[in-house]
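Chains, contacts and geometry: an overview
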Amino acid sequence: DIQMTQSPSSLSASIGDRVTITCQASQDINNYLNWYQQKPGKAPKLLIYDVSNLETGVPSRFSGSGSGTEFTFTITSLQPEDLATYYCQQYDNLPPYTFGQGTKVEIK
Amino acid sequence: EVQLVESGGGLVQPGGSLRLSCATSGFTFDDYAMHWVRQVPGKGLEWVSSISWKSGSMDYVDSVRGRFTISRDNAKNSLYLQMDRLRAEDTAFYYCAKDRIVGVTTGGFDSWGQGILVIVSS
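My aim in this report is to walk through the structure given alongside it, one point at a time. (Residues numbered from 1 in each chain as written. Chains lettered and ligands numbered in written order. Predicted model: local features only at pLDDT ≥ 70, side-chain atom pairs only at ≥ 80, totals over all residues. Heavy atoms only, no water.)

In this structure, A:F99, B:W36, B:L79, B:L81, B:M83, B:Y94 and B:F109 are the most contacted members of the largest nonpolar core, which totals 41 residues. Tallying contributions element by element places strand β9 (residues 92-99) of chain B first for this core, with five residues. Sequence-distant contacts of B:L79, defined by excluding residues within four places in its chain, comprise B:L20, B:S21, B:C22, B:F29, B:M34, B:H35, B:W36, B:I51, B:I70, B:S71, B:R72 and B:C96. A:I2, A:L11, A:A13 and A:I48 belong to the second largest nonpolar core, which has 24 residues in total. (Core = buried A, V, L, I, M, F, W, Y, C linked by side-chain atoms within 4.5 Å. Buried < 20%, exposed > 50% of the residue type's maximum accessible area, 1.4 Å probe, protein only. Helix = DSSP H or I, 4+ residues; strand = E, 2+ residues; numbered from the N terminus. Contact = heavy atoms within 4.5 Å.)

Glancing now at the state of the cysteines. Inspection of every chain in the model, using the stated rule, returns two disulfides over all chains. A sulfur-sulfur separation of 2.0 Å characterises the disulfide bridge that pairs A:C23 with A:C88. Taking the torsion about the S-S bond as the criterion, the A:C23 to A:C88 disulfide, at about 60 degrees, is right-handed. Pair noted here: A:C23 is in strand β3 (residues 19-25) and A:C88 is in strand β9 (residues 84-90), with a separation of 65 residues, a long-range link. Paired through a disulfide, B:C22 and B:C96 show a sulfur-sulfur distance of 2.0 Å. With the S-S dihedral at roughly 45 degrees, the linkage between B:C22 and B:C96 falls on the right-handed side. A residue pair is termed long-range when its members are at least 10 positions apart, and B:C22 in strand β3 (residues 18-25) and B:C96 in strand β9 qualify at 74 residues. Neither B:C22 nor B:C96 differs from the other in exposure class; each is buried. (Disulfide = S-S within 2.5 Å.)

Using the criterion set out here, one finds 15 aromatic pairs over all chains in the structure. Judged by centre distance (5.6 Å) and plane angle (80 degrees), the ring pair of A:Y36 and B:W112 falls under edge-to-face. Here the residue A:Y36 occupies a position in strand β4 (residues 33-38), and B:W112 occupies one in strand β10 (residues 109-112), the pair thus bridging two chains. Note on accessibility: A:Y36 and B:W112 belong to one class, buried. Look at B:F27 and B:Y32: their rings are 5.7 Å apart centre to centre, the planes differ by 80 degrees, and that puts the pair in the edge-to-face class. As far as the burial class goes, B:F27 and B:Y32 line up, both buried. One aromatic cluster is present, formed by A:Y36, A:Y97, A:F99, B:W47, B:Y95, B:F109 and B:W112 through successive ring pairs. Against the face of B:Y80 rests B:R19, its NZ or CZ located 3.9 Å from the ring centre. Lying over the aromatic face of B:F29, B:R72 brings its terminal NZ or CZ to 4.3 Å of the ring centre. (Phe/Tyr/Trp six-rings, centres within 6.5 Å; stacked < 30°, edge-to-face > 60°. Lys NZ or Arg CZ within 6 Å of the ring centre and 35° of its normal.)

Let us now look at the sheet that holds strand β7 (residues 62-67) of chain A. All names here are of chain A. Sheet architecture is open: four strands sit in the order β1-β3-β8-β7, paired in antiparallel fashion. Two strands lie at the open edges of the sheet, namely β1 (4-7) and β7, each paired on one side alone. When the angles between neighbouring strand axes are averaged without regard to direction, this sheet yields 15 degrees. Sheet topology note: the β3/strand β8 (residues 70-75) ladder contains six bridges and is antiparallel. Residue pairing across strands places T22 opposite T72, the latter belonging to β8. (Pairing = 2+ DSSP bridges. Axes fitted to C-alpha atoms, helices over the stretch in contact; angles between N-to-C directions.)

Set out below in structure tokens:
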């Protein structure tokens, strides 16, 4: 199975800060990489699919990049409503579709 | 508006069974693969099972294979998860999720239900 290693596990940043989360796959996942946001007590929400494509309605301060086994998720200017846990997820080829362990983003 | 609503969760003893349902609306259900994803309270996400749009293909995470069965009723726009021989480690919130692309199973989940809690305990 493909393992996804996400870092950091948590971070604290101020409003307006740039926030970066990394996700490393245990093998090449051919850019089949999504990012989800999960706010406290809510279901996850798809933000970015196929590494860098914003889901409809997602603010442009969110972005994704990377290739092969190394991927990055960025919030260019952190907003109060971005308090959440963020997960990467790979869906290369066959199941299981595996998630990173999550990054909890807190506001200073 | 796409809506997914899970039901059927609750408390069950180890070794018991539960059947989760997911009622859907707002999209052409039989055009999309569907999935179940679970989350132990306070922990991360784990994909559990997928079913293709025509029910021709089902997949499971190793830890539930042989115990859980995914199915769908396209006439009722509903997804199901039959969970047998439940274990304490199956305790989690269970989410149904819609695949992102028509006609294929991509493993990308673009709409989610609110989740339903399953507790396996004596």
